[in-house]
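Residue-level listing of the chains:
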Amino acid sequence: MMFNNTLKTLVFIFFALLFALTTSAQQRGNGNLSGVVVDESGIPLPGAEIYTKINSGFVGATSDFDGKFIVTNIPVGNQSLIIKYLGYKEKSISITVIEKTTTDIGKIPLQPDVESLDDVIVNARSKGQVRSLNIQKNSDNIVNVISLEQASKFPDSNIGDALKRVSGISIQTDQGEARSVSVRGLGSESTTVLVNGDRISATSFNSRSVEVDLIPADVIQNIEVTKSASADLDGEATGGVVNLITRAAYSKDLKFSLRSNYSITPTWDKINYNTAIGISKKFLNERLGVAFNGSSDSRSFQSNNIEIDWDFADTGEIDNPNDDTRFLNELEVRRYWVRRDRKNLNLGLDYEFSKNSLIGLKTSLSFRDDFENRYRTRYTSIDFPQEFTPDGIAISEGLVRTDTRGGTSEGKPNNYRLDRKNVFNNKLYGEHVIGSVEADWSLSYSKAKKRRTRRSIDYRVIEGESTLFIDARNPNRPRVTSDIENFNESAVLGSISETFQNLDDDAFKGSVTLKIPFKNGYLKTGARYRRNGHSEDNRNFDIAPITGDINDFEDIEKENYHTNSSELNSYEGFDSPSREFVGSLDINNPLLFTTTEDFEYNFNNSYDVVEKRSAAYIQGKYEFSENFSVRGGVRWELTQGDYNAYVYNEVEDVITPNNVNIEYDNLLPSIDFKYKIKSNLIARLAYAKTLNRPTYTRLLPRVGFTGGDADDITDNTVLRLGNPDLKPRISDNFDFSLELYLRKAGLVSVGVFHKELNNFIGSVSSFETLVDGRVLDIRQFQNLGTGRITGVELVFQRGLDFLPWHFRNLNFYGNITLLDSELSNFTTSLSNTVSTNLRGNEKRNLADTADFTYNVSLSYKAKKVEVTASYNSTSEFIDSYGIIAIQDEYEDEKSFLDLNASYSINSNLNIFLEAKNLTNQALREYVGERQILQREEYYGAQYVLGFNYKF
């Protein structure tokens, strides 16, 4: 097979190069230099450029996030080591290099370049900005970095909220917080999220993606976003890689920080809290580093929501609606009550046996619990209207329902639906120097659990017992009313159900990397293995009361009523059962209730997967001069998967396991060029091939039926098929950037990127007429065609010191991202097909791709006071495709205005005030055209008062 030959070739090259270059390095008998670059206060400076000139060339390194560096393969004797750092004075150190020895220079303090920075570097936030720019400037990849100090300028609840301020990044929200992150318009499935360089286990149902609302922003030291891929990065990085870097100890002195705040959301008059603590210290003559930080926050809030489903009358041709036949099929009025508890713990240990050998351990634990109640009034299953009033209001029939979703009376807090996510990441790693060869290794284990438990009850007035009046003359605010005089007297029990959803994802990874230096460059090679297990077990139970005590809504005591209304334009709902009533139902008592398991639902939605990924890469870099370098490599990835689903035969009541094994490999080349036009002006050009594996649920060997009323031949039966033959989506990525680094920690940059996407995956429906005249709708995901996305990123930041008077203390930051995307060349192997993706030559954007996003922030710093106003805006984008354009579903444009103000009492203590979402931005969705409302949800503003203390 192809992958066997490829693997043998790579292994041979790997060992041949290792033997040749290691032997060569040892024979030359050169030495190494190590040290730590720090600022005037002893705080590490990451991204420093360190090098020494040798004859007509040079060797060098870049300091890591802890300020550490090692320069290997330096000729013995007296050498001059040069350290450069944007915003700081260049430093030159004379040092004697000893043969086959790593000479430790210790801490190398740099002094601010007063002429360059003036009074910019006066607080932690400005220092964080300088460090981020240096990492970006001296990186081989195109990266953006957010430091903890920078993130503190904004009232961001989680890392997703912090990331939305980076160029090229957009977010999708849930309950007023960022839930998923999209880099360069390719969705969360194309964004790889790491912690300390290792992939976080998936936390989303039916997906490989990570929900970023799990991790608070105040426990991460740095967030690094890599936008250009390379051979030493995970091949599944089409959008980008987000790496969350936790804290490490850097000083023999005890370092302590405390951040605490209290907030209120006007939609629910409750005080919320957040506390974060950090402690670090180096022991045993600075050989042992210990760093701990953690946070705990609780937030209670309420949101108001309306949701609308538009349907299309059948014109006689299957799934070929006419835009004149749109009608309102359902309207829902919802209110959510949510308490969100989030806790995070991080521990970092590292022990330095010598300057050539270090072993460390990084552990991260994240917990997030959502306790939620939902009260809902539904006008649903509304028939196509047959008559209208003289004013144009449709008259029809349908169901009128109210329902409550909550939990059991057990636990604390009780009577809430529980959505619990836990993620554990543990990494053991080593960093060694053998001769002049840098050898790194790591063993890591990660585990994610997601548990969702809910209990629901609904009451309804059945179709035919009420007349509905549908006012859709203004489709942006449609309304439905009924002739029901008293819902509570008319409503009967519809259903009671209890649902349990369980997700488990665990991964073990091992890796080894060798970096072999030579004059003016290096060779880097490595191998990785990752075993990932993923399973979902979903259970739904239908509950029926044996006695008739709660068959009518009137049977419920009035104190157990919850009035359901929305503040959205006076939409009113009917009463629902209270959460206390729902939680108190003793449904496990066989004398009161019967329980029936929904086997068809359960086994159509449960599965388990074991996926093994093996990878090896070779990468080399050559610096033709101090100003121009080329880096290139190739990565090979082998994917082997065992995918298990279940087929439920309802007639025979038989469950049959269904298994498939999948195996494929990919070669992923990359190359990039970096040219320093001037010391502060850098041009980059890069190409890389990357992949995106299909989601688990699309690969599963599933066979599931839904619908199909045997007594109604107009009711289509839907057959949903998995597709184990799906190929990963392949992307050819081209990047160019031009970066100008200004005085006073400023930056002007232009980035252009283009991605060619192959094996694009989309949904297809195939229609077959059965012998009884009914139609079988066969649905499956397939590789349909190609796509492309092209974008431009513009960034400008600098202090406005050219302005007069106090205005010179202003600092401006802004970025804008423009995207253009297209799907094309669709084909399918099925006959009689209609697809949301097969729409002739019509140009369509990629889903989840906003045409533009922009961020603007203006801050003012004067002595002890700093005030920052920030504005973030994202244009509308397609969320999912319809058969024709008027059925496409969009998420509307959104804009957020936030404020942050702080006052420094002394060098160790400050107080701050934050205001978030002052625009009360809604999550709004529409279908086809902006005025056709589908969903609108408001969360309100949030106000925070707190303090920071550190020493």
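As recorded in an unreviewed UniProt entry, the chain goes by the name TonB-dependent receptor, listed as coming from Flavivirga aquimarina. Entered under Sequence similarities (unreviewed entry) in the UniProt record, the comment concerning the chain runs "Belongs to the TonB-dependent receptor family."

Caption draft 1: Structural context of the overall build of the chain. Looking only at helices and strands, the chain features 9 helices and 51 strands. Relative to all contacts within the chain whose residues are 6 or more apart in sequence, the contacts with residues 24 or more apart total 71%. With an accessible surface of roughly 38,500 Å², the chain has 53% of that area assigned to carbon and sulfur atoms.

Caption draft 2: Main features of the sheet that holds strand β1 (residues 31-38). Taken in spatial order, the 3 strands of this open sheet run β4-β1-β7, and their pairing is mixed. Whereas interior strands pair on both sides, the edge strands pair on one side only; in this sheet they are β4 (68-74) and β7 (102-109). Pairs of neighbouring strands in the sheet enclose a mean axial angle of 20°, with direction left out of account. As defined by bridge partners, β1 adjoins β7 across 6 bridges and the pair is classed as parallel. From the neighbouring strand, Asn32 faces β7, where its bridge partner is Thr102.

Caption draft 3: Summary view of the environment of Arg247. As for its position among the elements, Arg247 is in the loop between β14 (240-245) and β15 (255-265). For the pair Arg247 and Ser280, spaced 33 residues apart in sequence, the C-alpha to C-alpha distance is 8.5 Å. Among residues more than four places away in sequence, those in contact with Arg247 are Leu148, Asp218, Gln221, Ser257, Gly278, Ala291, Asn293 and Lys362. Among the polar contacts made by the side chain of Arg247, one reaches the side chain of Ser257 at a distance of 3.2 Å.

Caption draft 4: Region of the structure containing unusual backbone geometry. Non-glycine residue Asn285 carries a positive phi angle of around 60°. Position of Asn285 relative to the elements: it lies in the loop between β16 (268-283) and β17 (288-312). You will see that Lys863, though not glycine, has its phi angle at about 55°, which is positive. Assignment of secondary structure puts Lys863 in the loop between β43 (852-862) and β44 (865-874).

Caption draft 5: Just the packing of aromatic side chains, in detail. Under the counting rule described, the total for this entry stands at 24 aromatic pairs. When the centroid spacing of 4.9 Å and the interplanar angle of 40° are considered together, the rings of Phe553 and Tyr561 count as tilted. The pair formed by Phe553 and Tyr561 is uniform in burial state, with each residue classed as buried. Of note, Arg539 hangs over the ring of Phe603, and the distance from its end group to the ring centre comes to 5.2 Å.

Caption draft 6: Broad picture of empty space enclosed by the protein. In this structure the tally under the stated criterion is 12 cavities of 30 Å³ or more. Computed from the structure, the largest cavity encloses a volume of approximately 400 Å³. Considering the residues around the largest cavity, the lining is formed by 24 residues, among which Val145, Ile146, Gln150, Gln797 and Tyr813 are closest to the centre. Ranked by residues supplied to the lining of the largest cavity, first place goes to helix α3 (residues 124-138) with 5 residues. By residue class, the composition of the lining of the largest cavity is 10 nonpolar, 10 polar and 4 charged. Here the second largest cavity defines a volume of roughly 170 Å³. In terms of lining residues, the second largest cavity is bounded by 19 residues, among which Gly176, Glu177, Phe896, Asn917 and Tyr939 are the most central. Counting residues per element, the ones that place at least two in the lining of the second largest cavity are β10 (177-183) and β47 (894-904). Considering only residue class, the lining of the second largest cavity consists of 6 nonpolar, 7 polar and 6 charged.

Caption draft 7: Representation of the pairing of β44 in the model. Sheet topology places β43 next to β44; 10 bridges connect them, and they run antiparallel. When the sheet's bridge partners are listed, Ser857 is paired in β44 with Ser870.

Caption draft 8: How the structure looks around the pairing of strand β22 (residues 399-406). Counting buried positions along β22 yields 8 of 8 residues, so the element is predominantly enclosed. The alternating pattern of β22 places Leu399, Arg401, Asp403 and Arg405 on one face and Val400, Thr402, Thr404 and Gly406 on the opposite face, and all of these are buried. Both strand β19 (residues 357-380) and β22 contribute to a ladder of 7 bridges, which runs antiparallel. For Tyr379, the partnering residue across the bridge sits in β22 and is Val400. Bridge count for β22 against strand β24 (residues 437-461) is 7 bridges, and the pairing is antiparallel. The residue bridging Thr404 from the neighbouring strand is Ile457, located in β24.

Caption draft 9: Structural detail: the sheet that holds strand β26 (residues 479-482). Pairing in this open sheet of 4 strands is antiparallel, and the strands run β20-β21-β25-β26 from one edge to the other. The open sheet has two edge strands, β20 (387-388) and β26, and neither has a second partner. Sheet topology note: the strand β21 (residues 394-396)/strand β25 (residues 468-471) ladder contains 3 bridges and is antiparallel. Following the sheet pairing, Ala394 is matched in β25 by Ile470.

Caption draft 10: Broad picture of the confidence of the model for the chain. Taken over all residues, the pLDDT of the chain has a mean of 86, while the share at 70 or more is 90%. In the predicted structure, residues 23-27 sits below a pLDDT of 50 and forms 4 contacts with residues beyond four places in sequence or in another chain. Note on residues 316-324: pLDDT is under 50 here. Beyond four places in sequence and across chains, it has 13 contacts.

Basis of the calculations
Residues numbered from 1 in each chain as written. Predicted model: local features only at pLDDT ≥ 70, side-chain atom pairs only at ≥ 80, totals over all residues. Heavy atoms only, no water. UniProt positions renumbered as here; feature names shortened; annotations may be inferred. Helix = DSSP H or I, 4+ residues; strand = E, 2+ residues; numbered from the N terminus. Contact = heavy atoms within 4.5 Å. Areas by Shrake-Rupley, 256 points an atom, 1.4 Å probe, with all protein chains shown as cover. Pairing = 2+ DSSP bridges. Axes fitted to C-alpha atoms, helices over the stretch in contact; angles between N-to-C directions. Polar contact = N/O pair within 3.5 Å; in protein donor to acceptor, adjacent residues only side chain to side chain. Phe/Tyr/Trp six-rings, centres within 6.5 Å; stacked < 30°, edge-to-face > 60°. Buried < 20%, exposed > 50% of the residue type's maximum accessible area, 1.4 Å probe, protein only. Lys NZ or Arg CZ within 6 Å of the ring centre and 35° of its normal. 1 Å grid on protein atoms, 1.4 Å probe; cavity = no way out; pocket = protein on both sides within 12 Å on 5 of 7 lines; lining within 4 Å. Points joined across faces, edges and corners; volume = space filled by probe spheres on them. Nonpolar A, V, L, I, M, F, W, Y, C, P; charged D, E, K, R; others polar. pLDDT = per-residue confidence, 0-100.

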